[in-house]
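# Residue-level structural notes
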Amino acid sequence: MNIRTHLAMAAVVVVLAALGVLYFVLPVDTWTVDTWLCAVAVALALGAMVHLPYAPIASGKTQSGRLAIVGPMGATLLLTVLLATAALSASVLRHTGLSWALLIACAAVFIVGTLLANVTGNVVDRIQATEQKDGRYTAWAASLVSVSHSMTDTTLKTHCTQMAEELRYAPSARASDAVVEASQVASALTILQQKASAGSNDEIARELNHLRRMIALHASALAALRSHA
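Residues numbered from 1 in each chain as written. Predicted model: local features only at pLDDT ≥ 70, side-chain atom pairs only at ≥ 80, totals over all residues. Heavy atoms only, no water.

### Comments concerning the nonpolar core
Core analysis: the largest hydrophobic core is formed by 25 residues, its most contacted members being W140, L144, M151, L167, L192, L208 and L211. Among the elements of the structure, α6 (136–148), α7 (154–168), α8 (179–198) and α9 (201–227) are those that each provide at least two residues to this core. If near-sequence neighbours (up to four positions away) are discounted, L192 is found in contact with L144, V147, M151, I204, E207, L208 and L211. (Core = buried A, V, L, I, M, F, W, Y, C linked by side-chain atoms within 4.5 Å. Buried < 20%, exposed > 50% of the residue type's maximum accessible area, 1.4 Å probe, protein only. Helix = DSSP H or I, 4+ residues; strand = E, 2+ residues; numbered from the N terminus. Contact = heavy atoms within 4.5 Å.)

### So, unusual backbone geometry
For R94, which is not glycine, the phi torsion reads 70° and is therefore positive. Here R94 lies in the loop between α4 (63–92) and α5 (96–131). On the accessibility criterion, R94 (46% relative accessible area) is partly exposed.

### Let's talk about the side chain of T35
Take T35: it is sitting in helix α2 (residues 33–51). Take T35: its relative accessible area is 0%, and that puts it in the buried class. Leave out the neighbours within four places in its chain, and T35 touches L26, T30, L88 and S91.

### Points about the environment of A84
One can find A84 in helix α4. Taking the relative accessible area as the measure of exposure, A84 reaches 0% and is therefore buried. Taking the C-alpha atoms as reference, A84 lies 9.5 Å from L37; in sequence the two are 47 residues apart. When residues no more than four places from it in sequence are discounted, the contact partners of A84 are C38, A41, V42 and C106.

### Details of the layout of surface pockets
When its volume is computed, the largest pocket comes out at roughly 160 Å³. Around the largest pocket sit A41, L44, A45, A48, L52, T80, C106, A107, F110 and I111, which together line it. Among the residues making up the lining of the largest pocket, the classes are represented as 9 nonpolar, 1 polar and no charged. (1 Å grid on protein atoms, 1.4 Å probe; cavity = no way out; pocket = protein on both sides within 12 Å on 5 of 7 lines; lining within 4 Å. Points joined across faces, edges and corners; volume = space filled by probe spheres on them. Nonpolar A, V, L, I, M, F, W, Y, C, P; charged D, E, K, R; others polar.)

### A few points about the packing of α6 against α8
Two elements in contact, α6 and α8, have axes whose closest approach is 10 Å; the angle formed by their N-to-C orientations is 10°. Looking at the two axes, α6 sits roughly parallel to α8. α8 is crossed by α6, and the crossing has left-handed handedness. Along its contact with α6, which presents R136, W140, S143, L144 and V147, the element α8 presents A182, V185, L189, L192, Q193 and A196. For the contact of α6 with α8, a count of residues per class yields 8 nonpolar, 2 polar and 1 charged. (Axes fitted to C-alpha atoms, helices over the stretch in contact; angles between N-to-C directions. Parallel < 35°, antiparallel > 145°, perpendicular 65-115°, else oblique. Left-handed = near helix turned anticlockwise from the far one by under 90°.)

Here you go:
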């Protein structure tokens, strides 16, 4: 059995145990409809503290997103237990209206808190995806090295490997940075690969120069983005 199954089983045990304890602890004459509902709410809230923290955390796409859920979810479950316990106490003391109000507040806090915790995790996941560094420079450098093997002219081959070496040490870029310029570099690199296999040296030299210009434009776009960050 996986972790979620074990936690679900543990939560069921907690719920049943809580109901059993409350049944024997509370006086017989205090068991009314609202008392039963409050007792069930307390038991379910205690069971949720065992099982629910894992469920949304496991659903997070990134580690940061999963960790971001822990705080809001923990606060939600703690407040839910407190409100359910307060509602049960009010019911036992015959404050029926107050117990119903607290029970409604308990349900609202649980639903809203769970939704907000999931939203928090999703927002962090999106930020992580936006800020994530991609391997465009590494891929371009590897492609240039591969292209250089197809060239017979020593000068062109040297030019190509030098560009690849420069790209290896270029600053990293986020996946969302300079997307248009990056696509232009990729297109220029594709054309260079075609010319390296079947084109003349002049055509290869022209495409190499074009590729360098596209890389320069890409670098300028990244510099502009960083200057506004």
